[in-house]
Amino acid sequence: MSYVPPSDFATKMIDAGEAKVHMSTKDTLIRSYMAGAILALAAAFAVTVAVQTGQFLIGALLFPVGFCMIYLLGFDLLTGVFTLVPLALFDKRPGVTVKSMLRNWGLVFVGNFAGAMTVALFMAIIFTTGFAEPPNEVGQRIGSIGESRTVGYAEHGASGMLTLFVRAMMCNWMVSTGVVAAMMSTSVPGKVMAMWMPILVFFYMGFEHSIVNMFLFPSGILLGGHFTWMDYFLWNEIPTVIGNLFGGLIFVGAMIYGTHYKKSSDEDDAQPVRIVAAE
């Protein structure tokens, strides 16, 4: 059977985290650039479908195609390395240090941002016919998303920031579940089916994904959205990155590591109870 039990894919998670730390700078940047670009294109596709059909659910159902392509092609998202790389550090794998982990995260962030920005520029050109016309209906929708999820949070102050942070945690809880789900099967159909479900949940629920936002918000600015780069970074990207880190690491990485890799030894240590018959 193609199903991989949790005790086995827990080891695969740690192996993957170790491999990502030791990857060359060139490979890390290329793989993260392509991941950011593909996910941005999937987001543009999903928004286009939602606007043209009037049904956001249809866009959400189709969005995971981008995520599946990313992981089948072996590319890297920041949300995934947030979950996998620390496990290699916890397991004290050779050469995995806090410094090497932060290096990997930094390179993946830069690559993802560059890839998403490339697609943001390309789609802005398409939505405005080379900036010769006002944004079309899809472009206008992308601009409104950026406004509501930056200045919209800012209007609520601390409550808005808390909501943003929780949405970011919930997002990478689901997205990292998708990353792990790809390891649950040795067949391509099994991987795709397992990845599709949690990614659908995150997108339809409107959770905050740092790499999707690297496309949506710069696109919104290019398309005339009424918010600034400062609004984007302070009231979305930075808190979203932090929330993604906590959500993926705590609710997925640490939980699987703690119960399927580092199992409790209570049962092993327990002494058998001797029953002495009364004489």
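Everything numeric here is computed off the predicted structure, so don't read it as measured data.

**Observations regarding the nonpolar core**
Okay, so step 1: Counting residues in hydrophobic clusters, the biggest one holds 74 residues, and the most contacted among them are Phe-63, Phe-202 and Phe-215.
Okay, so step 2: No other element matches the 11 residues that helix H2 (residues 25-53) contributes to this core.

**What to know about the packing of helix H6 (residues 98-127) against helix H11 (residues 210-222)**
The axes of two packed helices give the description: the angle between them and the distance between them.
Okay, so step 1: As a packed pair, H6 and H11 sit with axes 8 Å apart at the nearest point and diverge in direction by 40°. Between H6 and H11, the angle is such that the two are oblique. Considering the relative orientation of H6 and H11, their crossing is right-handed. Of H11, the residues touching H6 (which contributes Phe-109, Asn-112, Phe-113, Ala-116, Met-117, Val-119, Ala-120, Leu-121, Met-123 and Ala-124) are Ile-211, Met-214, Phe-215, Pro-218, Ser-219 and Leu-222.
Okay, so step 2: Looking at side-chain class alone, the contact of H6 with H11 contains 14 nonpolar, 2 polar and no charged residues.

**Quick look at the packing of helix H5 (residues 78-90) against helix H9 (residues 157-181)**
Okay, so step 1: Across the interface, H5 lies against H9 with an axial gap of 9 Å and an inter-helix angle of 75°. Compared by their axis directions, H5 and H9 come out roughly perpendicular. For the pair formed by H5 and H9, the contact residues are Thr-79, Gly-80, Phe-82, Thr-83 and Leu-84 on the first element and Asn-172, Val-175, Ser-176 and Val-179 on the second.
Okay, so step 2: Considered class by class, the residues forming the contact of H5 with H9 number 4 nonpolar, 5 polar and no charged.

**Describing helix H4 (residues 64-72)**
Okay, so step 1: Every buried residue of H4 is listed here: Pro-64, Gly-66, Phe-67, Cys-68, Ile-70 and Tyr-71.
Okay, so step 2: Where H4 is buried, its residues meet H2, helix H3 (56-62), H5, H9 and helix H10 (188-204).
Okay, so step 3: Among the residues trailing H4, Gly-74 stands out with phi positive, at a value near 80°.

Cut-offs used in this document
- Each chain has its residues counted from 1, following the order in which its sequence is written.
- Note on the predicted model: pLDDT of at least 70 is required for a residue's local features to be given, and 80 or more for side-chain atom pairs to be given and counted; whole-chain, interface and lining totals, by contrast, use all residues.
- In computing side-chain properties, one takes all heavy atoms of the structure into account and sets aside hydrogens as well as water.
- Buried Ala, Val, Leu, Ile, Met, Phe, Trp, Tyr and Cys residues that are joined via side-chain atoms within 4.5 Å together make up what is termed a nonpolar core.
- The buried label applies to any residue whose accessible area, calculated with a 1.4 Å probe on protein chains only, is under 20% of its type's maximum; exposed applies above 50%, and partly exposed to all values in between.
- Runs of E in the DSSP output that reach at least two residues are strands. Runs of H or I that reach at least four are helices, and both are numbered from the N terminus.
- To obtain an axis, a line is fitted to C-alpha atoms, over the contacting stretch when the element is a helix, and the angle between two such axes runs from 0 to 180 degrees between their N-to-C directions.
- Working rule for angles: under 35 degrees goes down as roughly parallel, over 145 as roughly antiparallel, 65 to 115 as roughly perpendicular, anything else as oblique.
- Note on convention: the crossing is left-handed when the near helix lies turned anticlockwise from the far helix by less than a right angle, right-handed when the turn is clockwise.
- Whether two residues touch is decided by their heavy atoms; if any such pair falls within 4.5 Å, the residues are in contact.
- Basically, the charged four are Asp, Glu, Lys and Arg, the nonpolar ten are Ala, Val, Leu, Ile, Met, Phe, Trp, Tyr, Cys and Pro, and anything else, Gly included, counts as polar.

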